[in-house]
Amino acid sequence: MTKEEIIRPENLVCAKPTLMNDAPMHYCPGCSHGMVHKIIAEVIEEMQMEEKTVGVCPVGCAVFAYRYLDIDWQEAAHGRAPAVATALKRLWPDRLVFTYQGDGDLACIGACETIHALNRGEKITVIFINNAIYGMTGGQMAPTTLVGMKTATCPYGRDVNLHGYPLNMTDLAVNLEGTAYVTRQSVHTVAAIRKAKRAIRKAFENSINGIGSNMVEIVSTCSAGWKTSPVKANKWMEENMFKYYRLGDLKDTQEIRSKE
Amino acid sequence: MSKIRGAVTVDTERCKGCSLCIEACPLNLLSLADKRVNHKGYPYVEQKNWESCTGCTSCAIVCPDGCISVYRVKE
Ligand SMILES: Cc1ncc(C[n+]2csc(CCOP(=O)(O)OP(=O)(O)O)c2C)c(N)n1
Ligand code: SF4
Ligand code: SF4
Ligand code: SF4
Ligand SMILES: [Mg+2]
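Quick notes on the rules
Residues numbered from 1 in each chain as written. Chains lettered and ligands numbered in written order. Predicted model: local features only at pLDDT ≥ 70, side-chain atom pairs only at ≥ 80, totals over all residues. Heavy atoms only, no water. Donors = N, O, S within 2.8 Å, 3.2 Å for Na, K, Ca; no water. Helix = DSSP H or I, 4+ residues; strand = E, 2+ residues; numbered from the N terminus. Buried < 20%, exposed > 50% of the residue type's maximum accessible area, 1.4 Å probe, protein only. Axes fitted to C-alpha atoms, helices over the stretch in contact; angles between N-to-C directions. Parallel < 35°, antiparallel > 145°, perpendicular 65-115°, else oblique. Left-handed = near helix turned anticlockwise from the far one by under 90°. Contact = heavy atoms within 4.5 Å. Nonpolar A, V, L, I, M, F, W, Y, C, P; charged D, E, K, R; others polar. 1 Å grid on protein atoms, 1.4 Å probe; cavity = no way out; pocket = protein on both sides within 12 Å on 5 of 7 lines; lining within 4 Å. Points joined across faces, edges and corners; volume = space filled by probe spheres on them. Pairing = 2+ DSSP bridges. Salt bridge = Lys/Arg side-chain N within 4 Å of Asp/Glu carboxyl O. Near = heavy atom within 4 Å.

Trainee: What am I meant to see in the coordination of the magnesium ion (ligand 5) here?
Mentor: All names here are of chain A. Around the magnesium ion (ligand 5), the protein supplies Asp103 (OD), Asn131 (OD1) and Ile133 (O) as donor atoms, at distances of 2.1 to 2.2 Å. Sequence spacing among the residues donating to the magnesium ion (ligand 5) works out to D-x27-N-x1-I. Of this pair, Asp103 sits in helix H4 (residues 103–109) while Ile133 sits in the loop between strand E5 (125–130) and helix H6 (160–163); the two residues are 30 residues apart in sequence, bridging distant segments of the chain. Note on Asp103: relative accessible area 2%, which makes it buried.

Take a look at the structure:
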């Protein structure tokens, strides 16, 4: 059989989701942002919510997310995505509303908006891309930067005496009564990507069904900020990030209810 | 016995040469093109020994830029 005989439209089994358009993404090679965009597109397609989804973009590398997925989007000021999403969902209750935020956006300048939206139980999903660094602005220390991790603003490594401890926002979210589903995932292997997709689907279903709030952290890489290659960044993440940011579901009120 | 055969295409202009797909292929069928780059200056991926491809889709799943399409047939 020749390659041409195999490469025919009727034999296609996997390709870029149609909701992701052909605009070239500005992300660095191997950036987790692209991977998460892709699975969000796939989940929205599978749920047939293309016409009824509103995403809220952050300030950070994902500031242009609205260019790549053909759904409705609203850009928010730095850190304010959960407040904007609150308004959108309250005014438009039949919409699937989610925020897409980096760790600088969500855990630093927007920590207040994030905690209060989650605590109010807003019927939204917060997608949290935690690469432990400010990617967009050149790799400065973030609240999430690991102890000892080197960045442009802590070149000798994060020192707890000087910089305090990494802020674990997802663990915090578990203890807020307003949250229904809180999970921490990654997208560095086929198995991890499949799991992350299922988690996003569950969070989105809750958001549509008025069960909220929902938080999906994706422990991510930023090879540019970490000053390494995408392949090595994945290894570094496995060895260092997962020890502090443990993967798995942290809270699922629906599961508890179904067992009662 | 029927055999599963696969083949992939790469959108070489979209590819950024991140090599995540190369790592993900269980049969090591992908590699960066030798001394060639696309219009953005990125080296891009090619499928060289395509004959043993099973169409498992691992490479396409891990590609952050959605550059790979996978085709599969039963021979
Ligand atoms: C009000 C305001 N303060 C600061 C900045 C500068 N700034 C832009 S992006 C960013 C942080 C980005 O980090 P993160 O949210 O982790 O996103 P990443 O790029 O890592 O995905 C900062 C501080 C800004 N644009 N606006
Ligand atoms: S700077 Fe980091 S987060 Fe931003 S696009 Fe590059 S790899 Fe991704
Ligand atoms: S489909 Fe599977 S076997 Fe074929 S190139 Fe991709 S990863 Fe390798
Ligand atoms: S994963 Fe995608 S962008 Fe990266 S080298 Fe492979 S085809 Fe190119
Ligand atoms: Mg970041």
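Picking up after the structure, the text goes on.
Trainee: Would you mind showing me how to read the packing of helix H2 (residues 32–46) of chain A against helix H8 (residues 190–208) of chain A here?
Mentor: For any two helices packed against each other, one specifies the crossing angle of their axes together with the interaxial distance. Residues and elements named next belong to chain A. The N-to-C vectors of H2 and H8 enclose an angle of 50°; their axes lie 10 Å apart at closest approach. The pairing of H2 with H8 is recorded here as oblique in orientation. Classified by chirality, the crossing of H8 by H2 is right-handed. On H8, the residues that touch Met35, Ile39, Ile40, Glu42, Val43, Ile44 and Glu46 of H2 are Ile193, Ala196, Lys197, Ile200, Arg201 and Phe204. Of the residues assigned to the contact of H2 with H8, the class counts are 9 nonpolar, no polar and 4 charged.

Trainee: Would you explain the layout of surface pockets in this entry?
Mentor: Over the atoms rolls a probe the size of a water molecule, and its path tells where empty space is left. One number sums up the size of the largest pocket: a volume of about 310 Å³. As for the largest pocket, its lining consists of 18 residues, of which His188, Thr189 and Asn234 of chain A together with Leu20 and Glu23 of chain B are closest to the centre. At the level of secondary structure, the elements contributing two or more residues to the lining of the largest pocket comprise H2 and helix H10 (230–244) of chain A together with helix H1 (20–24) of chain B. For the lining of the largest pocket, the leading source of residues is H10 of chain A, giving 5 residues. Of the residues assigned to the lining of the largest pocket, the class counts are 9 nonpolar, 6 polar and 3 charged.

Trainee: I'm lost on the sheet that holds strand E4 (residues 96–102) of chain A in this one. Help?
Mentor: Pairing between sheet strands relies on hydrogen bonds along the backbone, with the strands arranged either parallel or antiparallel. Residues and elements named next belong to chain A. Strand order in the open sheet formed by 7 strands is E3-E2-E4-E5-E7-E6-E8, with mixed pairing between adjacent strands. Pairing within the sheet leaves two strands with one partner each, and these edge strands are strand E3 (72–75) and strand E8 (248–252). Strand-to-strand twist across the sheet, computed as the mean angle between neighbouring axes with direction ignored, equals 15°. Bridge analysis of strand E6 (residues 181–186) against strand E7 (residues 214–219) gives 6 bridges, and the strand direction is parallel. Across the sheet, Gln185 pairs through a bridge with Ile218, a residue of E7. Across the face of the sheet, helix H3 (residues 81–91) comes into contact with strand E2 (53–57), E3 and E4 while running at roughly 175° to E4.

Trainee: Looking at this structure, I do not really get the pattern of salt bridges. What am I missing?
Mentor: Residue and element names in this part refer to chain A. According to the stated counting rule, one finds 16 salt bridges over all chains in the structure shown. Note that Glu46 is salt-bridged to Lys197, the shortest N-O span being 2.8 Å. In this pair, Glu46 is assigned in helix H2 and Lys197 in helix H8, connecting sequence segments 151 residues apart. With relative accessibility at 44%, the residue Glu46 sits in the partly exposed group. For Lys197, a relative accessible area of 18% corresponds to the buried category.

Trainee: Help me out: how do you make sense of the side chain of Glu113 of chain A in this one?
Mentor: Looking at the secondary structure, you find Glu113 of chain A in helix H5 (residues 111–119). Contact partners of Glu113 of chain A, with chain neighbours within four places excluded, come to Gly79, Arg80, Pro82 and Ala83 of chain A.

Trainee: Even after reading the chapter, I still don't get the environment of Pro64 of chain B, so can you show me in this structure?
Mentor: By the element assignment, Pro64 of chain B lies in the loop between helix H2 (58–62) and strand E4 (68–74). Overall, the relative accessible area of 1% leaves Pro64 of chain B in the buried class. It is 28 Å that separates the C-alpha atoms of Pro64 of chain B and Lys74 of chain B, two residues lying 10 residues apart in sequence. Setting aside its immediate chain neighbours within four residues, Pro64 of chain B contacts Met25, Gly30, Cys31, Gly34, Met35 and Lys38 of chain A together with Cys18 and Leu20 of chain B.

Trainee: Help me out: how do you make sense of the site of ligand 4 in this one?
Mentor: The local shell around ligand 4 consists of Cys15, Lys16, Gly17, Cys18, Ser19, Cys21, Val45, Cys63, Pro64, Cys67 and Ile68 of chain B. In the shell around ligand 4, the residues fall into 8 nonpolar, 2 polar and 1 charged.

Trainee: What exactly am I supposed to notice about empty space enclosed by the protein here?
Mentor: Taken as a whole and judged by the stated rule, the model has 2 cavities of 30 Å³ or more. Of the volumes computed, that of the largest cavity is approximately 100 Å³. A class-by-class count of the residues in the lining of the largest cavity yields 10 nonpolar, 4 polar and no charged. One number sums up the size of the second largest cavity: a volume of about 90 Å³. Its residues assigned to classes, the lining of the second largest cavity comprises 9 nonpolar, 2 polar and 2 charged.

Without other data, these values stay purely geometric and don't point to any function.
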